[in-house]
Amino acid sequence: MMPVRGGYAGDTARKVSFEAPRKFTTVFKSHLKETFFPDDPFYDFKGKSLPVKAKKAIQYFVPIFQWLPNYKAKLFLYDLLAGITIASLAIPQGISYAKLANIPPVIGLYSSFVPPLIYAVFGSSKYLAVGTVASSSLIIAATISTKVNPTENPQLYLNLVFTATLISGLIELVLGVFRLGILVDFLSHSTITGFMGGTALIICLHQLKGIFGLKHFTPHTDVISVIRAIFQNRKEIIWESTLIGAIFLIFLQLARFVKQKKPKLFWVSAIAPMFVVIIGCVLAYVWHAEKHGIAIVGELKKGINPPSLKNIDFDRKYIAAPLQAGFITALVALAEGIAIGRSFAILQNEQIDGNKEMIAFGLMNIVGSLTSCYLTTGPFSKTAVNYNAGCKTQMANVVMSLCMMLTLLFLAPLFSYTPLVALSAIIMSAMLGLIEYDKAYHLFKTDKFDFIICMAAFLGVAFISMDVGLMLSVGLALVRALLYIARPTSSKLCNILDTSLYRDVEQYPGATDIAKTVIVQIGSPIYFANAGYMRERVLRCVRDEKANRLQGDDVEYVLLDLGGVSSIDMTGVETLVEIRKTLEAKYIKVVLVNPRLEVMEKLIVTNFIEKIGKERVYLSIEDAIEGCKFSLSHERYL
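Computed from a prediction, not measured in an experiment: that's the story for all the values here.

**Q** Would you mind showing me how to read the confidence of the model for the protein chain here?
**A** Low pLDDT marks stretches whose predicted atomic positions should not be read closely. Of all residues in the protein chain, 94% attain a pLDDT of 70 or more, and the chain-wide mean is 85. Counting interchain partners and residues more than four positions distant, the pLDDT-below-50 stretch residues 1–13 has 31 contacts.

**Q** I would appreciate a short explanation of the sheet that holds strand 2 (residues 502–504) in the present structure.
**A** Sheets are built from strands paired through backbone hydrogen bonds, the pairs being either parallel or antiparallel. Across the sheet, 6 strands lie side by side as 2-1-3-4-5-6; this open sheet has mixed pairing. Of all the strands in the sheet, just strand 2 and strand 6 (617–618) have a single pairing partner and so form its edges. Across 2 bridges, strand 5 (residues 589–593) lies against strand 6 in parallel orientation. Opposite Val593, over in strand 6, you have Tyr618 as the bridge partner.

**Q** Explain the pattern of salt bridges to me, please; I cannot follow it from the model alone.
**A** In the structure shown here, the tally under the stated rule is 12 salt bridges. Measuring nitrogen to oxygen at the nearest pair gives 3.2 Å for the salt bridge that ties Asp544 to Arg543. With relative accessibility at 32%, the residue Asp544 sits in the partly exposed group. Residues participating in the shared-partner salt-bridge network are Asp447, Asp450 and Arg480.

**Q** Help me understand the pairing of strand 4 (residues 557–561), please; the structure alone is not making it clear to me.
**A** Consecutive side chains of a regular strand alternate in pointing toward one face of the sheet and then the other. With respect to burial, strand 4 is a largely interior element, 5 of its 5 residues being buried. Here strand 4 shows a buried face lined by Tyr557, Leu559 and Asp561 and a second buried face lined by Val558 and Leu560. Of the pairings in the sheet, the one linking strand 4 to strand 5 comprises 5 bridges and is parallel in character. Looking across to strand 5, one finds that Val558 is bridged to Val590. After leaving strand 4, the chain enters helix 23 (residues 570–585) and then returns to the sheet as strand 5, a path that is right-handed.

**Q** Even after reading the chapter, I still don't get unusual backbone geometry, so can you show me in this structure?
**A** It is generally the case that most residues other than glycine have a negative phi and that most peptide bonds are trans. Backbone geometry places Tyr587, a non-glycine residue, at a positive phi of 60 degrees. Even without being glycine, Asn594 reaches a positive phi, approximately 50 degrees. Summarising the element assignment, Asn594 is placed in the loop between strand 5 and helix 24 (597–605).

**Q** What's the story with the environment of Tyr527 in this structure? I'm lost.
**A** With respect to the helices and strands, the residue Tyr527 is situated in the loop between strand 3 (517–522) and helix 22 (531–548). Assessed through its relative accessible area of 31%, Tyr527 is described here as partly exposed. Remark: the alpha-carbon pair of Tyr527 and Met570, spanning 43 residues in sequence, is separated by 7.9 Å. For Tyr527, the contacting residues outside a window of four places in its chain are Ser567 and Asp569.

**Q** Please clarify how the packing of aromatic side chains should be interpreted in this entry.
**A** Geometrically, a pair of aromatic rings is defined through the distance of the ring centres and the angle of the planes. Inspection of the entire model under this criterion finds 7 aromatic pairs. Residues Tyr119 and Phe361 carry aromatic rings whose centres are separated by 6.0 Å and whose planes lie at 25 degrees to one another, so their mutual orientation is stacked. Residue Tyr119 is located in helix 6 (residues 114–122), and its partner Phe361 is located in helix 15 (residues 354–369); the two are separated by 242 residues in the primary sequence. The exposure class assigned to Phe361 is buried, which follows from its relative accessible area of 0%.

**Q** What is the right way to read helix 11 (residues 223–232) from this model?
**A** Residue pairs spaced three or four apart in an α-helix point in one direction, given the helix's 3.6 residues per turn. Along helix 11, the positions that sit buried rather than exposed are Val223, Ser225, Val226, Ala229 and Ile230. Against the buried residues of helix 11 lie helix 9 (189–206), helix 10 (208–212) and helix 20 (448–463).

**Q** Help me out: how do you make sense of the nonpolar core in this one?
**A** Nonpolar side chains tend toward joint burial in soluble globular proteins. With 122 residues, the main nonpolar core has Ile103, Ile144 and Phe195 as its most contacted residues. No other element matches helix 14 (residues 320–347), which puts 11 residues into this core. Ignoring any residue separated from it by four or fewer positions in sequence, one finds Phe195 in contact with Ile139, Val332, Ala457, Val461, Met466 and Leu470. If you look at the next biggest cluster of nonpolar residues, it comprises 33 residues, including Met534, Val542, Val577 and Met600.

**Q** Please clarify how the packing of helix 4 (residues 73–100) against helix 13 (residues 266–287) should be interpreted in this entry.
**A** How two helices sit against one another is set out by the angle between their axes and by the gap between those axes. The contact between helix 4 and helix 13 brings their axes to 8 Å, and the two run at 45 degrees. With respect to their mutual orientation, helix 4 and helix 13 come out oblique. Between helix 4 and helix 13 the crossing geometry is left-handed. Contact residues: helix 4 offers Thr85, Ser88, Leu89, Ile91 and Pro92, while helix 13 offers Ala270, Ile271, Pro273, Met274 and Val277. When grouped by side-chain class, the residues that make up the contact of helix 4 with helix 13 number 8 nonpolar, 2 polar and no charged.

**Q** Got a minute to help me understand the environment of Gly337 in this structure?
**A** Summarising the element assignment, Gly337 is placed in helix 14. On the basis of relative accessible area, Gly337 is assigned to the buried category, the value being 0%. Remark: the alpha-carbon pair of Gly337 and Ser465, spanning 128 residues in sequence, is separated by 22 Å. Ignoring any residue separated from it by four or fewer positions in sequence, one finds Gly337 in contact with Leu128, Phe361, Thr377 and Gly378.

What counts, and at which threshold
- Residues numbered from 1 in each chain as written.
- Predicted model: local features only at pLDDT ≥ 70, side-chain atom pairs only at ≥ 80, totals over all residues.
- Heavy atoms only, no water.
- pLDDT = per-residue confidence, 0-100.
- Contact = heavy atoms within 4.5 Å.
- Pairing = 2+ DSSP bridges.
- Helix = DSSP H or I, 4+ residues; strand = E, 2+ residues; numbered from the N terminus.
- Salt bridge = Lys/Arg side-chain N within 4 Å of Asp/Glu carboxyl O.
- Buried < 20%, exposed > 50% of the residue type's maximum accessible area, 1.4 Å probe, protein only.
- Right-handed = clockwise from strand over helix to strand, strands pointing away.
- Phe/Tyr/Trp six-rings, centres within 6.5 Å; stacked < 30°, edge-to-face > 60°.
- Core = buried A, V, L, I, M, F, W, Y, C linked by side-chain atoms within 4.5 Å.
- Axes fitted to C-alpha atoms, helices over the stretch in contact; angles between N-to-C directions.
- Parallel < 35°, antiparallel > 145°, perpendicular 65-115°, else oblique.
- Left-handed = near helix turned anticlockwise from the far one by under 90°.
- Nonpolar A, V, L, I, M, F, W, Y, C, P; charged D, E, K, R; others polar.

Have a look at this one:
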């Protein structure tokens, strides 16, 4: 009996497929689909008539047409309550974060009116609540203030903020349209955790200016500069402001503590910022706070968003700052918004489309930049309140938007008495919840490299700058990814006694060797970056086996398990040729096991299969071992 192709004698059913390689266009289309459409979003279109396809296309690209026709009156009661609740949080947050971005407070209110309406039309998450966020506000302030002083030239500064928002929206839209969400994936969980923690820390320190009532402060964001500014201006500290700020901060933290202990009382934490603003306004009005050195927000004009197209400024002298701010805030806002949307969708066993979310974020920031709004995304605090308030659909964002419209039309002047110390307390309380010590500790206990990536972002943001911290962390994450590519996993497999299983000998030390055979499992694509390492790894494994085996059990076959090799380039093929030549010079035969389709196609077109012989390619390790045994016995017989 002779070995059969791709199996062993007597087994004609289990053969390796040596079909002709697919056409380039077929492979290219397959790769494009897997790269840009891994979720197969148009699966439901198959086999449908043209009108049905058109309807589904509209529903896919404009999600409101998917949920609104089935919207029921009883759902509105839930969305109404949720919308009003998040509006009560949006008002103080909008004013606070606008001050953090060094822009007029009314811009923060505008930003909770138009963008939520756009998201309700194009967004796919039922629970995401749209609004401004502290991290993006500080990034915008820190970046644009390097070019234009917001105090000396407030109008130009505001124009550049709108420009940065437009650029951020365009980047988000392009990423969504071309389904390039893979770029956002470079912001790993560790990076986001460290970046948000570092940003929260410097925001908290910056709010000490409002808590202490300081008139002079530093424009820099690093910890050292902020602490130095506090000590240098310590004579400006107003004890009344400090006392009021401390009371407000303690109250807000107690409200958060109540929510953590009793989740059903989430509304206590939700309305606490609004309560602080109202109390602060009343105290400022009755007590004449400005006479005691406590600054207030100042004039807030009534009226809805004026158009701001004329404010967009692409002057070459200043454009570098909006470009930098737009790019960074686009990635950070996308990573934060999509992660939060997915987190709350998972709680209900639902999914959201990340690419549609990017399109929705892009459109709402583009439209927002043209209607006097600055950058918005899906903040965690508002989304958590929206979810806990029982929202059922995106209608909650519509309700919030209408509440903000009424506020802008009738109530805005009432908030002009809001003391800045109250806003500082609100921001500081919100930021304290973003420093996630438990997650950092968990990273330290489970993955030291991830912890280093996290701390690089945290310390870089806190002690250098936000963009440097972000780049440091992303750079380390890329180094780690390159290490995975350049030094892929490979392992020697042995047989687990009395079974047909073959497993890594390091994981199962009791596994037994196979006579005259070494099995090496390769667990990654073979590219130019790792081909040399892979060659040395295989040859070293064979060398060690020859040295450790007993006399009479010389290695005669090396089985390369390629089941985990998803692709191979020409350098990889040449590496296999070198391995074969080197081993055959030592009278050791190379056998391939379970090469995948793309790998097999490359080996066929490069004539490697022809050189090695089809009888040296097997479907499984078990088939290969039986084939090798048969060849050994046949050679002895001859």
